[in-house]
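Residue-level structural notes
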Amino acid sequence: MAKRKSSDFTLLLLVLILVVIGVIMVFSSSHYYALTKLHDSYYFLKRELLWATIGLIGMTFTMNFDYFRYKKLAPYAFGLSIVLLLLVLTPLGKEFNGARRWIGIGSFTIMPGEISKICAIIFVASSLSSMGDKIKKFLHGVCPYILIIGIYMGLILLQPNMSTAVTIGAVIACMMFIAGMRWFHVIVMGMGGFFALGAMVVAAPYRMKRLTGFLDPFKDPMGTGYQVIQSLYALGSGGLFGVGLGRSMQKYLYIPEPQNDFIFAIIGEELGFIGCMVIIILYVLLIWRGVRIAINAPDTFGCLLASGITSMVAVQCIINIAVATSSMPVTGMALPFISWGGNSLAIFMASVGILLNVSRYSNLDRS
């Protein structure tokens, strides 16, 4: 094992900047909704600060916990994630807005789907690092991971939570490609994933409505197209420099829960095109640092672990921003480090801590 060095300061700084922006924008976008619905305009701000503190503690721990130890913990991580996903389907599972995605005891809730992302990355990174050239064989190399994707996606779709299921599937597929999967198998998996997505859309009428609403949102402006239209109004109203921090109009109960899935639209309205580009540039820089850490990792496990975490951030950023800009059908997906999400924020920060730990053994410039 390479000598332990300092963590990637640039990556750490980027994450902290995004978290600070997230805390500010969560409060700005949610205070009226929280006051109207929950009679406390600081409701989301207080909880976001709490989860950011938990995330900071988690990131500090994982940043100093040697990443190669996760290889021994990988089977337990896989088992834990499966158990938690099954518990969602029991009386411990809590249902909100027609979806059963949480486990709750009293007022405390966790989202097993969020925990499953990092557990799946650890398990798949460990397994692939031992696979070697077997990944080039379809039956003995590719099929076992298709089965793993199927298990995760199947359990998560029962909640239902298509966005999380797609994220896990996409991240595992990225890790398989980085591990050396053949291009022909990539194409086969891609076609299979496309048809699977089509089947999931056809199987659920509400997903089909979202698809048709995406194709022509103004056909049903008060129904399937409502969220997209309000998001576009917000982005359009912001112009180049925005209407000013805290001055959004769309957050006044026009966009449902503006602090979550459509927070990028509120950023666009308040901070304008320039603000949106700053956010996107921060994410691009973060992903670039993650890629560099993966490339310079001292072993295959570290490379795949860093690749998986970086892919998770990239996939969620792309989906969230694409939904807010009406570039893809509406689906619930938090913007990493910025959206209100509680569990999601803490887990993303802890996951970046793992990435930072890999950087401590990588051969890269830390400036």
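Residues numbered from 1 in each chain as written. Predicted model: local features only at pLDDT ≥ 70, side-chain atom pairs only at ≥ 80, totals over all residues. Heavy atoms only, no water.

**Quick word on a nonpolar patch on the surface**
Under the convention used in this document: Residues with no salt bridge and a relative accessible area higher than 30% make up the patches, which join like charges within 9 Å and nonpolar side chains (Val, Leu, Ile, Met, Phe, Trp, Tyr) within 5 Å. Here the accessible surface of atoms and residues is derived via Shrake-Rupley with a 1.4 Å probe, and residues count as covered only by protein chains that are part of the display. Salt-bridge detection follows one rule: a side-chain nitrogen of Lys or Arg within 4 Å of a carboxyl oxygen of Asp or Glu. Secondary structure is summarised from DSSP: a helix means a run of H or I of at least four residues, a strand means a run of E of at least two, and numbering begins at the N terminus for each. Burial classification: accessible surface area is computed with a 1.4 Å probe over protein chains only, and a residue below 20% of its type maximum counts as buried, one above 50% as exposed, and the rest as partly exposed.
Taken together, the side chains of Leu240, Phe241, Phe273, Ile274, Met277, Val278, Ile281, Leu285 and Trp288 define a hydrophobic patch exposed on the protein surface, amounting to about 850 Å² of accessible area. Among the structural elements, isoleucine 281 can be located in helix α10 (residues 263-295). A residue is classified by how much of its surface remains accessible, and isoleucine 281, at 46% relative accessible area, is partly exposed.

**What about the environment of leucine 240?**
Positionally, leucine 240 belongs in the loop between α9 (226-238) and α10. For leucine 240 and phenylalanine 96, which are 144 residues apart along the polypeptide, the C-alpha to C-alpha distance reads 37 Å.

**Considerations on the packing of helix α1 (residues 9-38) against helix α12 (residues 343-359)**
Filter applied, for reference: Note on method: axes are straight lines fitted to C-alpha atoms, helices fitted across the in-contact stretch only, with angles between N-to-C directions ranging 0 to 180 degrees. Angular relationships are summarised with four words: roughly parallel below 35 degrees, roughly antiparallel beyond 145, roughly perpendicular across 65 to 115, and oblique for the angles in between. By definition in these notes, contact holds between two residues if any of their heavy atoms fall within 4.5 Å. Under the scheme applied, nonpolar residues are Ala, Val, Leu, Ile, Met, Phe, Trp, Tyr, Cys and Pro; charged residues are Asp, Glu, Lys and Arg; polar residues are all the others, including Gly.
Contact pair α1 / α12: the axes reach a minimum separation of 10 Å and the direction vectors enclose 170 degrees. Comparing their axes, α12 and α1 come out roughly antiparallel. Taking contact as the criterion, the partners of Leu11, Leu12, Val15 and Val19 in α1 are, on α12, Leu345, Met349, Val352, Leu355 and Leu356. Here the residues of the contact of α1 with α12 sort into 9 nonpolar, no polar and no charged.

**Focus: the packing of aromatic side chains**
Worth spelling out the cut-off: Ring pairs shown here join Phe, Tyr and Trp side chains whose ring centres sit within 6.5 Å, with only the six-membered ring taken for Trp; geometry is labelled stacked below 30 degrees between planes, edge-to-face above 60, and tilted in between.
Enumeration according to the criterion identifies 16 aromatic pairs in this entry. Between phenylalanine 68 and tyrosine 361, the ring centres sit 6.0 Å apart and the planes meet at 70 degrees, which makes this aromatic pair edge-to-face. With phenylalanine 68 in the loop between α2 (43-64) and α3 (70-87) and tyrosine 361 in the segment after α12, the pair connects residues that are 293 residues apart, well separated along the chain. Residue classification places tyrosine 361 among the buried residues on the basis of a relative accessible area of 4%. Arranged with centres 5.8 Å apart and planes meeting at 75 degrees, the rings of phenylalanine 194 and phenylalanine 195 form a pair that is edge-to-face. Note on phenylalanine 194: relative accessible area 61%, which makes it exposed. An aromatic cluster is present here, built from Tyr33, Tyr43, Phe44 and Trp340 joined pairwise through their rings.

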